[in-house]
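# Descriptive structure summary
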Amino acid sequence: MNATLPARDGMAVDPRPPIDWAAVRAQFPILSRTVHGKPLVYLDSANTGQKPQAVIDAVAEFSARHNANVSRAVHALGSEATEAYEGARTTLARFLNVHRDELVLCSGTTFALNLVAYSWALPRLKPGDAIVLTRMEHHANIVPWQIVAERTGATIKVAELTPEGELDLDGLWQLLTPEVRLLAFAHVSNVLGTVNPVREICREAAKRGIVTVVDGSQAVPHRAVDVAALGCDFYAFTGHKMCGPTGTGGLWGRRELLAQMPPFLGGGEMIREVRFEGTVFNEPPMRFEAGTPNIAGHVGLGAAAEWLAALGMAKVEAREQQLLEHATAALSAIPGLRILGSAREKAAVISFAIEGAHAHDLATLLDLEGIAVRSGQHCAHPLLAWFGVPATCRASFAFYNTEAEIDALVAALHKVRGLLL
Ligand SMILES: *Cc1c(COP(=O)(O)O)cnc(C)c1O
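Rules used in this analysis
- Residues numbered from 1 in each chain as written.
- Predicted model: local features only at pLDDT ≥ 70, side-chain atom pairs only at ≥ 80, totals over all residues.
- Heavy atoms only, no water.
- Helix = DSSP H or I, 4+ residues; strand = E, 2+ residues; numbered from the N terminus.
- Near = heavy atom within 4 Å.
- Polar contact = N/O pair within 3.5 Å; in protein donor to acceptor, adjacent residues only side chain to side chain.
- Areas by Shrake-Rupley, 256 points an atom, 1.4 Å probe, with all protein chains shown as cover.
- Nonpolar A, V, L, I, M, F, W, Y, C, P; charged D, E, K, R; others polar.
- pLDDT = per-residue confidence, 0-100.
- Contact = heavy atoms within 4.5 Å.
- Buried < 20%, exposed > 50% of the residue type's maximum accessible area, 1.4 Å probe, protein only.
- Phe/Tyr/Trp six-rings, centres within 6.5 Å; stacked < 30°, edge-to-face > 60°.
- Core = buried A, V, L, I, M, F, W, Y, C linked by side-chain atoms within 4.5 Å.
- Domains from an automatic or database assignment.
- Buried area = accessible area lost by both parts, 1.4 Å probe.
- Salt bridge = Lys/Arg side-chain N within 4 Å of Asp/Glu carboxyl O.
- Axes fitted to C-alpha atoms, helices over the stretch in contact; angles between N-to-C directions.
- Left-handed = near helix turned anticlockwise from the far one by under 90°.
- Pairing = 2+ DSSP bridges.
- Parallel < 35°, antiparallel > 145°, perpendicular 65-115°, else oblique.

### Some words on unusual backbone geometry
In this chain, proline 284 is followed by proline 285 through a cis amide linkage whose omega measures 0°. One can find proline 285 in the loop between strand 14 (278-281) and helix 10 (295-311).

Written out as C-alpha cells, the structure is:
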C-alpha cells in the first residue's frame, strides 16, 4: 500500500524515492531482445502489453507446482489451484475497487462485452428500443450490439466527435431519449487516446434510467481506475494489455443486474444442480464462468495487478504523460505528419499519418529498424472513415518505454520518409 503523508498545503506527499524507471524496464525480459539486428523498440502496448518477470514467474510457478482444476477436487492441488484462482479474483477486485462476487473472470473485453450483449441486452430489448454507441468504439464494442439490434429490432444511434477527437457531449445528451436502454462507450480510445468523462456520462445516463457499459481496455493498464466511483453498470477490461497473459480479463457488473441475467454459456461450474428436467444455475459470478477457466492465466493476471499496484498507477500515468508529451512534440516536427486526436485529456497513444506514405509501408520499414508500431484501422473502421484516412500508424507507449526509444522512432521516420517520398 502507498504510504502517503498529508502535507501542509493539503497535497499528499509520497515519502518514497522517485521510481527508477530503468530498473522497472529491466524487469521486462523481452525488452532487451533485438529485432532485425537492432534493439527492439516496442511501441505497440495498446495492442498488447509486455510482461514483467514477476508475471512470467507466477504463471510458471502455478504450472510447475499447483496445477489442478478449480472447485471440483478436494485433493491438495485442487484446493491450491482454487485458492490461487479465487485469490486472483480478490486481487483484481481490490485493484478496481469492486466486490469480488461482482467480478466475472473471462477471456477479455471481447468476451465481457458479448456477455452483457447476450445475457443482459438480448432478452430485454425489443423493437422501438435504442442502443447508443460512440464514433470512437473498438469493433468489440460495436459488433455485439449490432447482433443484439438485429435480433431484437432495437436500433443503434451513434454519438459523434469534435474535430479534436473528444466526444461531443451536447450531441450525446440529445441522443439520450426515452427509448434508449443502453449506452456503451470506451473509457479511453485505443486510436485517439481520448479519455472520456465517464462519471459525467454515467450520471447523465443514470438520470434517464439508461444502463451504461464501459469498455475499460485502454484505461485499466494506464491509470488508477476506481470502478465503484465511476457510476457505471458494467465495466469490461482485458488482461493482456495490463501486463497479464492473453486470454484473461473480466467483467464487473452491478449485483442487481448480474443477478437477473441468465447464463451466457452452459456447462460445468456454472450450475448448482443439473437434471434432465431442468437445471439450477449457480450464483454470479460462477454462473457466467462455464467450463474450465484460464486458471494459470488469471493467476498471472492477479500477479500483474499486484505488481502494478505496488508500482503505483498514479506514477504509471504520470510517467506515460511525460512520454506522450515528448512524443507529441517530436512527431509534430516531422513534415507532412498528421496526428489524429488532440483531446485535452489523452492517454499515451499517437495515431498518425504521413502525407503520401502508406501506413503499412511505414510500419514495415520501421520494423526493419527494430521498431514495432501498429498500422491499419485498429479495429475501428467507423472512426478512421470519419477522419477520412484509410489507415494510420499507431505508436502506443507504456511506462517501460523511454525517451530514447521515441527519439529512435522519430529518427527512423525521418529516414523512411526519405525512402518513401
Ligand atoms: C483491445 C481492445 C478491445 C478488445 O480486447 P480483447 O482483449 O481483444 O478482447 C476492446 N476495446 C478496446 C478499446 C481495446 O483496446
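### So, the site of the ligand
Residues in contact with the ligand, as listed here, are Gly108, Thr109, Thr110, His138, Ala140, Asn190, Asp215, Ser217, Gln218, Thr238, His240 and Lys241. Between threonine 109 and the ligand, the recorded distance is 3.4 Å, taken from a backbone N or O atom to an oxygen atom. With respect to the ligand, the side chain of threonine 110 contributes an N or O atom lying 2.6 Å from an oxygen atom. When the ligand sits alone it has 380 Å² of accessible area, and the protein chains cover 86% of it. Here the shell around the ligand is built from residues that sort into one nonpolar, nine polar and two charged.

### Remarks on the confidence of the model for the chain
The pLDDT averaged across the chain works out to 94; a share of 96% of its residues lies at or above 70. Taken together, the stretch residues 1-8 has pLDDT below 50 and engages in 13 contacts with residues farther than four places along the chain or on a different chain.

### Quick word on the side chain of threonine 194
Mapped onto the elements, threonine 194 comes out in the loop between strand 9 (180-186) and helix 7 (198-207). Residue threonine 194 is classed as buried on the basis of its relative accessible area, which comes to 1%. Setting aside chain neighbours within four positions, we find threonine 194 in contact with Met136, Gly165, Glu166, His187, Val188, Ser189, Ala343 and Glu345.

### Here we look at the packing of aromatic side chains
All told, the structure shown has nine aromatic pairs when counted by the stated rule. Between tyrosine 118 and phenylalanine 264, the aromatic rings sit 5.1 Å apart at their centres with planes inclined by 20°, giving stacked as the arrangement. Of this pair, tyrosine 118 sits in helix 4 (residues 109-121) while phenylalanine 264 is found in the loop between helix 9 (255-260) and strand 13 (271-275), placing the two residues 146 residues apart along the sequence. Judged by relative accessible area, which is 25%, tyrosine 118 ranks as partly exposed. Judged by relative accessible area, which is 25%, phenylalanine 264 ranks as partly exposed.

### Here we look at the nonpolar core
Membership of the largest hydrophobic core comes to 75 residues, with the highest contact counts inside it found for Leu172, Leu183, Tyr235, Met242 and Phe399. Broken down by element, this core gets its largest block of residues, nine residues, from helix 10. Each of two domains, domain 1 (5-32 + 312-420) and domain 2 (56-309), supplies a minimum of three residues to this core. Ignoring anything within four residues of it in the chain, the contact list for methionine 242 reads Leu92, Phe95, Val220, Pro221, Phe237, Leu301, Ala304, Ala305 and Leu308.

### A closer look at the domain arrangement of the chain
By the assigned domains, the chain splits into domain 1 (5-32 + 312-420) and domain 2 (56-309). The distance between the C-alpha centroids of domain 1 and domain 2 comes to 27 Å. With 31 residues of domain 1 at the interface, the matching set in domain 2 holds 32 residues. Summed over both partners, the interface of domain 1 with domain 2 buries about 2,700 Å², with 59% contributed by carbon and sulfur atoms. Counting the surface domain 1 buries against domain 2, the share from its top three residues, Met313, Leu383 and Trp386, is 25%. The tally of links from domain 1 across to domain 2 stands at three salt bridges. Here glutamate 345 makes a salt bridge to arginine 223, at a shortest N to O gap of 3.2 Å. At the boundary of domain 1 and domain 2, one finds 18 residue pairs in polar contact (both at pLDDT 80 or more).

### Thoughts on the packing of helix 2 (residues 53-66) against helix 10
Where helix 2 contacts helix 10, the two axes come as close as 8 Å, and the packing angle between them is 145°. In this structure, helix 2 meets helix 10 at a crossing whose hand is right-handed. Taken together, the residues of helix 10 that come into contact with helix 2 (itself represented by Ala54, Val55, Ala58, Val59, Phe62 and Ser63) are Ile295, Ala296, Val299, Gly300, Ala303, Ala304 and Trp307. Its residues placed into classes, the contact of helix 2 with helix 10 shows eleven nonpolar, two polar and no charged.

### Brief notes about the sheet that holds strand 18 (residues 374-376)
Pairing is antiparallel across the open sheet formed by four strands, whose spatial order is 15-16-19-18. For this open sheet the edge positions go to strand 15 (337-340) and strand 18, each flanked by a neighbour on one side alone. Strand-to-strand twist of the sheet, defined as the mean angle between neighbouring strand axes without regard to direction, takes the value 30°. As judged from the four bridges shared by strand 16 (residues 349-354) and strand 19 (residues 392-396), these two strands associate in the antiparallel manner. Note on strand 19: the bridge partner recorded for valine 349 is serine 396. Of the strands in this sheet, strand 15 and strand 16 touch helix 11 (residues 313-332), which is tilted by about 10° from strand 16.

### Describing the sheet that holds strand 9
Taken in spatial order, the seven strands make up an open sheet running 6-12-11-10-9-7-8, and their pairing is mixed. If you trace the sheet from one side to the other, it starts and ends with strand 6 (103-105) and strand 8 (155-159), each paired once. Put simply, the sheet's adjacent strands are angled 20° from each other on average, direction ignored. Along the sheet, helix 7 contacts strand 9 and strand 10 (211-215); its crossing angle with strand 9, the most-contacted strand, is approximately 175°.

### Topic: the packing of helix 4 against helix 5 (residues 143-152)
Running from amino to carboxyl end, helix 4 crosses helix 5 at an angle of 20°, the nearest separation of the two axes being 9 Å. Looking at the two axes, helix 4 sits roughly parallel to helix 5. The handedness of the crossing between helix 4 and helix 5 comes out as right-handed. Contacts from Leu113, Asn114, Val116, Ala117, Tyr118 and Ala121 of helix 4 reach helix 5 at Pro144, Trp145, Ile147, Val148 and Arg151.

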